[in-house]
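Summary of structural features
So you can see what is in the structure, the chains are spelled out below.
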Amino acid sequence: MDWPIAEVARMSGVTARTLRHYDETGLLPPARIGTNGHRYYGERQLLRLQQILVLRALGVGLPEIGRILSDQVDEVDALRSHHRRLLAERDRIDVLVGTVSRTIAELEQSRKDNRPMTINRPENLFEGVTPAHYEDNMRDYPELAHEVGQRAATMSQADADAAHRERTAQMIRLAELMAAGHPADAAPVQAEIDAQYQALTELRAVSTEDYRALARSIVDNETWRAAYEAITPGLAVYQRDAMVAYATTRLN
(Lines give C-alpha, C1' and ligand atoms only; values in the text may rest on other atoms or scores of the structure.)
Protein backbone atom coordinates (compact mmCIF):
# COMPACT_ATOMS: atom_id res chain seq x y z
CA MET A 1 0.00 0.00 0.00
CA ASP A 2 1.19 3.52 -0.68
CA TRP A 3 -0.08 7.01 0.02
CA PRO A 4 -0.07 10.18 -2.10
CA ILE A 5 1.97 13.15 -0.95
CA ALA A 6 -1.13 15.08 0.17
CA GLU A 7 -2.15 12.23 2.48
CA VAL A 8 1.38 11.91 3.91
CA ALA A 9 1.40 15.65 4.55
CA ARG A 10 -1.93 15.38 6.37
CA MET A 11 -0.83 12.41 8.49
CA SER A 12 2.58 13.78 9.44
CA GLY A 13 1.90 17.50 9.66
CA VAL A 14 4.78 18.12 7.24
CA THR A 15 3.91 20.33 4.30
CA ALA A 16 3.95 18.93 0.77
CA ARG A 17 6.55 21.58 -0.04
CA THR A 18 8.85 20.16 2.66
CA LEU A 19 8.30 16.60 1.43
CA ARG A 20 9.25 17.70 -2.10
CA HIS A 21 12.36 19.35 -0.64
CA TYR A 22 13.28 16.11 1.15
CA ASP A 23 12.94 14.30 -2.18
CA GLU A 24 14.99 16.86 -4.10
CA THR A 25 17.84 16.63 -1.59
CA GLY A 26 17.77 12.81 -1.57
CA LEU A 27 16.73 12.63 2.07
CA LEU A 28 13.33 11.02 1.42
CA PRO A 29 12.64 9.90 -2.16
CA PRO A 30 9.08 8.62 -2.69
CA ALA A 31 8.38 4.97 -3.38
CA ARG A 32 7.20 5.91 -6.86
CA ILE A 33 6.00 8.76 -9.00
CA GLY A 34 2.63 8.20 -10.65
CA THR A 35 1.74 8.86 -14.27
CA ASN A 36 0.15 12.10 -13.03
CA GLY A 37 3.55 13.21 -11.69
CA HIS A 38 2.45 12.93 -8.06
CA ARG A 39 4.70 11.36 -5.44
CA TYR A 40 3.56 8.24 -3.57
CA TYR A 41 5.06 6.89 -0.34
CA GLY A 42 5.13 3.37 1.05
CA GLU A 43 5.54 2.03 4.58
CA ARG A 44 9.35 2.15 4.38
CA GLN A 45 9.22 5.82 3.43
CA LEU A 46 6.83 6.57 6.31
CA LEU A 47 9.23 4.90 8.75
CA ARG A 48 12.09 6.96 7.34
CA LEU A 49 9.99 10.12 7.63
CA GLN A 50 9.31 9.28 11.28
CA GLN A 51 13.07 9.08 11.89
CA ILE A 52 13.63 12.38 10.10
CA LEU A 53 10.99 14.11 12.20
CA VAL A 54 12.31 12.66 15.45
CA LEU A 55 15.80 13.90 14.64
CA ARG A 56 14.45 17.31 13.58
CA ALA A 57 12.63 17.54 16.93
CA LEU A 58 15.98 16.87 18.59
CA GLY A 59 17.47 19.85 16.76
CA VAL A 60 19.55 17.86 14.25
CA GLY A 61 20.13 19.63 10.92
CA LEU A 62 19.13 18.08 7.62
CA PRO A 63 22.70 17.40 6.37
CA GLU A 64 23.50 15.57 9.61
CA ILE A 65 20.22 13.63 9.41
CA GLY A 66 21.19 12.50 5.92
CA ARG A 67 24.54 11.24 7.23
CA ILE A 68 22.90 9.48 10.19
CA LEU A 69 20.32 7.71 8.05
CA SER A 70 22.80 6.74 5.36
CA ASP A 71 24.86 4.88 7.99
CA GLN A 72 21.89 2.91 9.31
CA VAL A 73 20.96 -0.60 8.28
CA ASP A 74 18.61 -1.98 10.94
CA GLU A 75 15.49 0.13 11.60
CA VAL A 76 14.99 -1.25 15.13
CA ASP A 77 18.55 -0.31 16.11
CA ALA A 78 17.98 3.14 14.61
CA LEU A 79 14.77 3.61 16.59
CA ARG A 80 16.49 2.48 19.79
CA SER A 81 19.13 5.14 19.19
CA HIS A 82 16.44 7.79 18.61
CA HIS A 83 14.63 6.61 21.74
CA ARG A 84 17.77 7.15 23.83
CA ARG A 85 18.13 10.65 22.41
CA LEU A 86 14.48 11.41 23.14
CA LEU A 87 14.90 10.32 26.76
CA ALA A 88 17.94 12.58 27.05
CA GLU A 89 15.96 15.43 25.49
CA ARG A 90 13.10 14.83 27.94
CA ASP A 91 15.58 15.16 30.80
CA ARG A 92 16.97 18.37 29.27
CA ILE A 93 13.47 19.85 28.95
CA ASP A 94 12.74 18.93 32.57
CA VAL A 95 15.85 20.83 33.63
CA LEU A 96 14.92 23.79 31.41
CA VAL A 97 11.40 23.90 32.85
CA GLY A 98 12.91 24.01 36.34
CA THR A 99 15.32 26.77 35.30
CA VAL A 100 12.58 28.99 33.88
CA SER A 101 10.22 28.27 36.81
CA ARG A 102 12.95 29.24 39.27
CA THR A 103 13.66 32.46 37.35
CA ILE A 104 9.96 33.38 37.29
CA ALA A 105 9.63 32.73 41.04
CA GLU A 106 12.71 34.84 41.79
CA LEU A 107 11.48 37.68 39.58
CA GLU A 108 8.02 37.62 41.20
CA GLN A 109 9.54 37.67 44.68
CA SER A 110 11.86 40.56 43.80
CA ARG A 111 8.87 42.55 42.51
CA LYS A 112 6.91 41.83 45.68
CA ASP A 113 9.86 43.04 47.74
CA ASN A 114 10.30 46.04 45.42
CA ARG A 115 13.94 45.24 44.82
CA PRO A 116 16.04 44.20 41.81
CA MET A 117 16.47 40.49 41.23
CA THR A 118 19.79 39.24 42.63
CA ILE A 119 21.56 36.68 40.47
CA ASN A 120 23.97 34.83 42.71
CA ARG A 121 24.94 32.24 40.12
CA PRO A 122 24.38 33.54 36.55
CA GLU A 123 25.05 30.11 35.09
CA ASN A 124 21.81 28.92 36.73
CA LEU A 125 19.86 30.95 34.18
CA PHE A 126 21.09 28.69 31.41
CA GLU A 127 20.76 25.20 32.89
CA GLY A 128 19.14 22.97 30.31
CA VAL A 129 19.68 25.45 27.49
CA THR A 130 21.49 23.74 24.61
CA PRO A 131 22.76 26.30 22.08
CA ALA A 132 22.18 23.94 19.16
CA HIS A 133 18.45 24.11 19.84
CA TYR A 134 18.45 27.78 18.83
CA GLU A 135 20.39 27.38 15.60
CA ASP A 136 18.10 28.91 13.04
CA ASN A 137 16.22 26.43 10.91
CA MET A 138 16.56 28.47 7.73
CA ARG A 139 15.58 26.08 4.96
CA ASP A 140 13.01 28.59 3.66
CA TYR A 141 15.50 31.50 3.85
CA PRO A 142 18.67 30.29 2.07
CA GLU A 143 20.21 33.75 1.61
CA LEU A 144 19.79 34.63 5.26
CA ALA A 145 21.03 31.17 6.24
CA HIS A 146 24.19 31.84 4.21
CA GLU A 147 24.78 35.11 6.05
CA VAL A 148 24.14 33.46 9.44
CA GLY A 149 26.54 30.66 8.52
CA GLN A 150 29.26 33.10 7.45
CA ARG A 151 28.88 35.10 10.65
CA ALA A 152 28.99 31.94 12.78
CA ALA A 153 32.15 30.74 11.03
CA THR A 154 34.03 33.87 12.09
CA MET A 155 32.90 33.82 15.72
CA SER A 156 34.97 32.45 18.57
CA GLN A 157 33.38 29.84 20.80
CA ALA A 158 33.08 32.41 23.57
CA ASP A 159 31.28 34.85 21.24
CA ALA A 160 28.99 32.11 19.96
CA ASP A 161 28.09 31.06 23.52
CA ALA A 162 27.43 34.69 24.44
CA ALA A 163 25.15 35.09 21.40
CA HIS A 164 23.20 31.96 22.35
CA ARG A 165 22.80 33.22 25.90
CA GLU A 166 21.58 36.59 24.67
CA ARG A 167 18.98 34.95 22.40
CA THR A 168 17.77 32.88 25.33
CA ALA A 169 17.70 35.98 27.54
CA GLN A 170 15.65 37.81 24.88
CA MET A 171 13.11 35.00 24.90
CA ILE A 172 12.89 35.08 28.70
CA ARG A 173 12.44 38.88 28.71
CA LEU A 174 9.62 38.52 26.19
CA ALA A 175 8.05 35.78 28.33
CA GLU A 176 8.17 38.13 31.32
CA LEU A 177 6.42 40.88 29.35
CA MET A 178 3.76 38.40 28.23
CA ALA A 179 3.27 37.19 31.81
CA ALA A 180 2.94 40.79 32.96
CA GLY A 181 0.01 41.25 30.58
CA HIS A 182 1.61 43.55 28.03
CA PRO A 183 -0.06 43.23 24.59
CA ALA A 184 2.19 42.34 21.67
CA ASP A 185 2.15 45.93 20.35
CA ALA A 186 2.99 47.54 23.72
CA ALA A 187 6.03 49.83 23.83
CA PRO A 188 8.31 47.62 25.98
CA VAL A 189 7.53 44.60 23.78
CA GLN A 190 8.21 46.57 20.62
CA ALA A 191 11.51 47.77 22.09
CA GLU A 192 12.59 44.14 22.44
CA ILE A 193 11.47 43.39 18.88
CA ASP A 194 13.33 46.44 17.59
CA ALA A 195 16.55 45.16 19.16
CA GLN A 196 16.00 41.80 17.47
CA TYR A 197 15.25 43.46 14.14
CA GLN A 198 18.38 45.61 14.30
CA ALA A 199 20.51 42.52 14.98
CA LEU A 200 18.86 40.75 12.05
CA THR A 201 19.46 43.60 9.61
CA GLU A 202 23.13 43.67 10.58
CA LEU A 203 23.33 40.39 8.66
CA ARG A 204 21.41 41.52 5.58
CA ALA A 205 18.52 43.72 4.49
CA VAL A 206 15.12 42.11 5.10
CA SER A 207 12.01 43.26 3.25
CA THR A 208 8.77 43.87 5.11
CA GLU A 209 7.17 40.83 3.51
CA ASP A 210 10.16 38.63 4.35
CA TYR A 211 9.98 39.85 7.94
CA ARG A 212 6.27 39.01 8.10
CA ALA A 213 7.02 35.55 6.68
CA LEU A 214 9.76 35.10 9.26
CA ALA A 215 7.24 36.05 11.96
CA ARG A 216 4.80 33.42 10.73
CA SER A 217 7.56 30.83 10.76
CA ILE A 218 8.00 31.28 14.51
CA VAL A 219 4.67 29.43 14.85
CA ASP A 220 4.59 27.39 11.62
CA ASN A 221 8.12 25.98 11.88
CA GLU A 222 8.07 23.13 14.38
CA THR A 223 11.69 23.61 15.50
CA TRP A 224 11.32 27.33 16.16
CA ARG A 225 7.95 26.88 17.86
CA ALA A 226 9.31 24.18 20.16
CA ALA A 227 12.19 26.44 21.23
CA TYR A 228 9.78 29.22 22.24
CA GLU A 229 7.24 26.90 23.84
CA ALA A 230 10.03 25.36 25.94
CA ILE A 231 10.33 28.76 27.63
CA THR A 232 6.59 29.16 28.24
CA PRO A 233 3.38 28.11 26.44
CA GLY A 234 2.07 30.77 24.07
CA LEU A 235 5.41 32.51 23.63
CA ALA A 236 5.74 31.56 19.94
CA VAL A 237 2.39 33.19 19.08
CA TYR A 238 3.28 36.22 21.22
CA GLN A 239 6.61 36.67 19.40
CA ARG A 240 4.90 36.30 16.02
CA ASP A 241 2.23 38.84 16.89
CA ALA A 242 4.85 41.28 18.19
CA MET A 243 6.86 40.97 14.98
CA VAL A 244 3.75 41.48 12.83
CA ALA A 245 2.86 44.58 14.85
CA TYR A 246 6.42 45.85 14.40
CA ALA A 247 6.22 45.30 10.63
CA THR A 248 2.90 47.15 10.48
CA THR A 249 3.93 50.19 12.55
CA ARG A 250 7.66 50.49 11.82
CA LEU A 251 8.33 48.96 8.42
CA ASN A 252 5.38 50.13 6.30
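What you see is a predicted model; the values in this text were computed from it and never measured.

Attention shifts here to the overall build of the protein. From N to C terminus, the protein includes 11 helices and 3 strands. Reading the protein from its N terminus to its C terminus gives the helix and strand order β-α-α-β-β-α-α-α-α-α-α-α-α-α. Out of the 252 residues in the protein, the part that is buried amounts to 37%. Expressed as a percentage of contacts within the protein between residues at least 6 apart in sequence, the contacts between residues at least 24 apart total 63%. A total of about 14,200 Å² of accessible surface is found on the protein, and carbon and sulfur atoms cover 53% of it.

Looking now at the sheet that holds strand S1 (residues 3–4). Strands sit in the order S1-S3-S2 across an open sheet of 3 strands; the sheet is antiparallel. On the outer flanks of this sheet lie S1 and strand S2 (32–33), each paired with one strand and no other. Bridge analysis of S1 against strand S3 (residues 39–41) gives 2 bridges, and the strand direction is antiparallel. When the sheet's bridge partners are listed, tryptophan 3 is paired in S3 with tyrosine 41.

It is worth spelling out helix H4 (residues 62–70) at this point. Among all positions in H4, only Leu62, Ile65, Ile68 and Leu69 are buried. Down the axis of H4, the smallest arc covering the buried residues is 115°, so these residues share one side. More than 90 degrees from the buried face of H4, the exposed residues found are Pro63 and Ser70.

All right, on to the pattern of salt bridges then. On inspection of all chains with the given rule, the structure shows 7 salt bridges. Close ionic contact of arginine 250 with aspartate 194 constitutes a salt bridge, the shortest N to O distance being 3.6 Å. One end of the pair, arginine 250, is in helix H11 (residues 235–251); the other, aspartate 194, is in helix H8 (residues 187–203), and 56 residues separate them in sequence. Its relative accessible area of 45% is what places arginine 250 among the partly exposed residues.

The next thing to look at is the packing of helix H9 (residues 208–220) against H11. At a closest axis distance of 7 Å, the pairing of H9 and H11 adopts a crossing angle of 170°. It follows from the interaxial angle that H9 and H11 lie roughly antiparallel. Listed contacts from H11 to Thr208, Tyr211, Arg212, Leu214, Ala215, Arg216, Ile218 and Val219 of H9 are Ala236, Val237, Gln239, Arg240, Met243, Val244, Tyr246, Ala247, Thr248 and Leu251.

Moving on, we come to the packing of aromatic side chains. Scanning the model with the defined rule gives 3 aromatic pairs in all. Here tyrosine 197 and tyrosine 246 contribute two aromatic rings whose centre-to-centre distance is 5.3 Å and whose plane-to-plane angle is 45°, an arrangement assigned as tilted. Of this pair, tyrosine 197 sits in helix H8 while tyrosine 246 sits in helix H11, placing them 49 residues apart in sequence. When sorted by exposure, tyrosine 197 lands in the same class as tyrosine 246, which is buried. Directly above the ring of tyrosine 40 sits arginine 32, whose terminal nitrogen or CZ lies 4.2 Å from the centroid.

Turning our eyes to something else, we now look at the confidence of the model for the protein. Across the protein, the average pLDDT comes to 78, with 76% of residues at or above 70. Throughout residues 119–127 the model reports pLDDT below 50, and contacts reaching past four residues in sequence, or to other chains, amount to 12 contacts. Predicted confidence is poor over residues 129–139, with pLDDT under 50, and the contacts of this stretch with residues over four places away or in other chains come to 32 contacts.

Rules used in this analysis
- Throughout, a residue's number is its position along its own chain's written sequence, starting from 1.
- A pLDDT threshold of at least 70 governs which residues receive local features in this predicted model, and a stricter bar of 80 or more applies before side-chain atom pairs are shown or counted, although totals over entire chains, interfaces and linings include all residues.
- Side-chain numbers here rest on the full set of heavy atoms in the structure, without hydrogens or water.
- Only DSSP runs of H or I covering at least 4 residues are called helices, and only runs of E covering at least 2 are called strands; the numbering of each starts at the N terminus.
- Three exposure classes are used, based on accessible area relative to the maximum for each residue type with a 1.4 Å probe and protein chains only: buried under 20%, partly exposed in between, and exposed over 50%.
- In this analysis, two residues are considered to be in contact whenever any of their non-hydrogen atoms come within 4.5 Å of each other.
- Here the accessible surface of atoms and residues is derived via Shrake-Rupley with a 1.4 Å probe, and residues count as covered only by protein chains that are part of the display.
- By this definition, two strands are paired if DSSP reports at least two bridges between them.
- Starting at the helix axis, one direction is taken to each C-beta atom, and the arc is that of these directions.
- For salt bridges, the criterion is a side-chain nitrogen of Lys or Arg within 4 Å of an Asp or Glu carboxyl oxygen.
- For every element, the axis is a line fit to its C-alpha atoms; helices are fit only across the contacting stretch, and the angle between N-to-C directions ranges from 0 to 180 degrees.
- Orientation labels follow simple angle bins: below 35 degrees gives roughly parallel, above 145 gives roughly antiparallel, 65 to 115 gives roughly perpendicular, and whatever is left gives oblique.
- The aromatic pairing rule takes the rings of Phe, Tyr and Trp, using the six-membered ring of Trp, and pairs them if the centres are within 6.5 Å, calling planes under 30 degrees apart stacked, those over 60 edge-to-face and the rest tilted.
- Here, over-ring charges are defined by two tests on the NZ atom of lysine or the CZ atom of arginine: distance to the ring centre within 6 Å, and angle to the ring normal within 35 degrees.
- Note: pLDDT gives the predictor's confidence per residue, expressed from 0 to 100.

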